[in-house]
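Next come the chains, spelled out residue by residue.
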Number of protein chains: 2
Amino acid sequence: MRQGSTTLELEATRERVLDAAEELYYGRGVQAVGMDAVRTASGVSLKRLYQLYPSKAALVEAYLRRRDARLLDGLARYVEAAPGPPEERVAAVFDWLYEWFSEPDYRGCAFINSYGELGATTPEVAAAARAHKEAFQRYLAGLVEAADLPAALAAQLALLAEGAITTAAISGTPEPARQARAAARVLMDAARGAVGPPL
Amino acid sequence: MRQGSTTLELEATRERVLDAAEELYYGRGVQAVGMDAVRTASGVSLKRLYQLYPSKAALVEAYLRRRDARLLDGLARYVEAAPGPPEERVAAVFDWLYEWFSEPDYRGCAFINSYGELGATTPEVAAAARAHKEAFQRYLAGLVEAADLPAALAAQLALLAEGAITTAAISGTPEPARQARAAARVLMDAARGAVGPPL
DNA sequence: AGGGTGGGAGAACGATAGTTCTCGTGTGTT
DNA sequence: AACACACGAGAACTATCGTTCTCCCACCCT
């Protein structure tokens, strides 16, 4: 424990590793990326890498955990900054999606991708995907409630968002965010028009 | 070309191989399944396997091609059998989804899963996913047009369906099909109410 | 009946990946 | 100044996988 081993530097190295891992895993898929690629991209030696994360599985878990937190934080910050009535905040979710889809390296939802790749063989990955989607739904449900809209609307809006996420990835255009936003507005208006039944 | 080599038997063996490959690839992910597992599951020797499909990539392509055809055929047959006005056929799409999601081994859309796993490294897989989703959208667009609904509705209904597909996979329940169906009906009603603008 | 051919089982081969080990070097401590 | 430790670079080890090869048996035709 001489030099470079302060807790702070350790944490900074962890971040560097996660930065590299995230870009590689998200961009190419988890299985397609070896530990050596993470080492090269991060500039952290294999030895230190395995000190920080005792196995690739642990690194993958950390990648998903951080991505979950960052995505939801980013969404919340974006929505919080959106002006207008609560209903407008719900619509802002889809604007956020549009910006996300427009990023040049957009390749869909890391959790859905990981689920398809590893969900069947690695229960932790399946659990991470479930947790992430549940957290997203909870957040949406909060917005829906704040807008005084029926609770059942949240699940429907989530479906639109999820559909937009995969459709944008596969088709390669951010347009699905717009279509989802328009559909969301129709659903909200309809729910407003008749508060009780139409679900 | 003696025995067992008639074109018919060849085709039957191909189907056996594809049956095994489909179950394994869909259930565990493509990368997680080796050629040896396909050989064991199908009972077809490695030599014959490589005669029928010259590489794993070729087998994967055949798997996706057949799955594409079967899914869309199954959907079309289901919808065609649905009684009622054209609008009811659109709703039937979501009933079909519900049945699909209820299958015990349901694990989401093979194309989305393959895209997440291999789309970045294997352009053929990305293309297959795109083609499949486009075909699905085209089919939906046909139903929407037959129901005299605005064309833009098709994309929105597709988003609901896609969202339901991944949400049902990750959450493990078929409920998203119901929620999507309800939302679809609201969208259709709204489009009917005001034929031109609300898109 | 006998030989040649097709086919099956599984070994073999080369590549890749996850993980660990070795070696050399530089640095802080005594 | 010398030692001890930590670290980086990369080899090494093991397992797995895609693909091919070898060996052998059984069958069909003459």
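Residues numbered from 1 in each chain as written. Chains lettered and ligands numbered in written order. Predicted model: local features only at pLDDT ≥ 70, side-chain atom pairs only at ≥ 80, totals over all residues. Heavy atoms only, no water.

**Focus: the pattern of salt bridges**
Part 1 of the reasoning: What the rule picks out here adds up to 25 salt bridges over all chains.
Part 2 of the reasoning: Between R181 of chain B and E88 of chain B there is a salt bridge; the shortest N-O distance is 3.7 Å. Taken as a pair, R181 of chain B in helix α9 (residues 175–193) and E88 of chain B in helix α5 (residues 86–102) lie far apart in primary sequence, 93 residues in all.
Part 3 of the reasoning: Take E88 of chain B: its relative accessible area is 25%, and that puts it in the partly exposed class.
Part 4 of the reasoning: Overlapping salt bridges bring together E15, D19, E22, R66, R67 and R70 of chain A as one network. (Salt bridge = Lys/Arg side-chain N within 4 Å of Asp/Glu carboxyl O. Helix = DSSP H or I, 4+ residues; strand = E, 2+ residues; numbered from the N terminus. Buried < 20%, exposed > 50% of the residue type's maximum accessible area, 1.4 Å probe, protein only.)

**Focus on the protein's contact with DNA strand C**
Part 1 of the reasoning: Neighbouring residues of DNA strand C: 15 residues in total, closest M35, Y50 and K56 of chain A together with K47 and R48 of chain B.
Part 2 of the reasoning: The side chain of K47 of chain B places a nitrogen or oxygen atom 2.7 Å from a base oxygen of DNA strand C.
Part 3 of the reasoning: Within the contact set of DNA strand C, a phosphate oxygen lies 3.3 Å away from a side-chain nitrogen or oxygen of R48 of chain B.
Part 4 of the reasoning: Residues of the surface near DNA strand C, tallied by class, amount to four nonpolar, four polar and seven charged. (Near = heavy atom within 4 Å. Polar contact = N/O pair within 3.5 Å; in protein donor to acceptor, adjacent residues only side chain to side chain. Nonpolar A, V, L, I, M, F, W, Y, C, P; charged D, E, K, R; others polar.)

**Concerning the domain arrangement of chain A**
Residues and elements named next belong to chain A.
Part 1 of the reasoning: Partitioning chain A into domains gives domain 1 (1–54) and domain 2 (64–193).
Part 2 of the reasoning: Placing the centre of domain 1 and that of domain 2 at their C-alpha centroids yields a distance of 29 Å.
Part 3 of the reasoning: Residue-level contacts link 11 residues of domain 1 with 11 residues of domain 2.
Part 4 of the reasoning: Of the roughly 970 Å² buried at the junction of domain 1 and domain 2 (both faces included), carbon and sulfur atoms supply 41%.
Part 5 of the reasoning: Among the residues of domain 1 in contact with domain 2, E22, Y26 and Q31 are the three that bury the most area, contributing 62% of the side total.
Part 6 of the reasoning: Between the two partners, domain 1 and domain 2, sit six salt bridges.
Part 7 of the reasoning: Between E22 and R70 there is a salt bridge, with the nearest N and O atoms lying 3.9 Å from each other. (Domains from an automatic or database assignment. Contact = heavy atoms within 4.5 Å. Buried area = accessible area lost by both parts, 1.4 Å probe.)

**Some points on the environment of V44 of chain B**
Part 1 of the reasoning: Within the fold, V44 of chain B resides in the loop between α2 (35–42) and α3 (46–52).
Part 2 of the reasoning: In this structure V44 of chain B touches T13, R16, V17, R39 and L49 of chain B, once residues within four positions along its chain are discounted.

**What to know about α5 of chain B**
Every α-helix winds through 3.6 residues per turn, so residues three or four apart in the chain are directed the same way.
Residues and elements named next belong to chain B.
Part 1 of the reasoning: Helix length check: α5 (17 residues) gives 25 Å between terminal C-alpha atoms against 24 Å at 1.5 Å per residue, within 8%.
Part 2 of the reasoning: Listed as buried for α5 are E87, V90, A91, A92, V93, F94, D95, W96, L97, W100 and F101.
Part 3 of the reasoning: The elements touched by buried residues of α5 are α4 (56–81), α7 (123–146), α8 (152–171) and α9. (Expected span 1.5 Å × (residues − 1).)

**Looking at the protein's contact with DNA strand D**
Part 1 of the reasoning: Looking at DNA strand D, there are 15 residues lining it, with K47 and R48 of chain A together with G34, M35 and K56 of chain B nearest.
Part 2 of the reasoning: Protein-proximal atoms of DNA strand D, defined as those within 4 Å of the protein, fall in sugar or phosphate at a share of 62%.
Part 3 of the reasoning: Contacts to DNA strand D include K47 of chain A, whose side-chain N or O atom sits 2.7 Å from a base oxygen.
Part 4 of the reasoning: Within the side chain of Y50 of chain B, one N or O atom sits 2.9 Å away from a phosphate oxygen of DNA strand D.
Part 5 of the reasoning: Elements with a minimum of two residues in the surface near DNA strand D: α3 (46–52) of chain A together with α3 of chain B.
Part 6 of the reasoning: No other element matches the three residues that α3 of chain B contributes to the surface near DNA strand D.
Part 7 of the reasoning: Residues that form the surface near DNA strand D fall into these classes: four nonpolar, four polar and seven charged.

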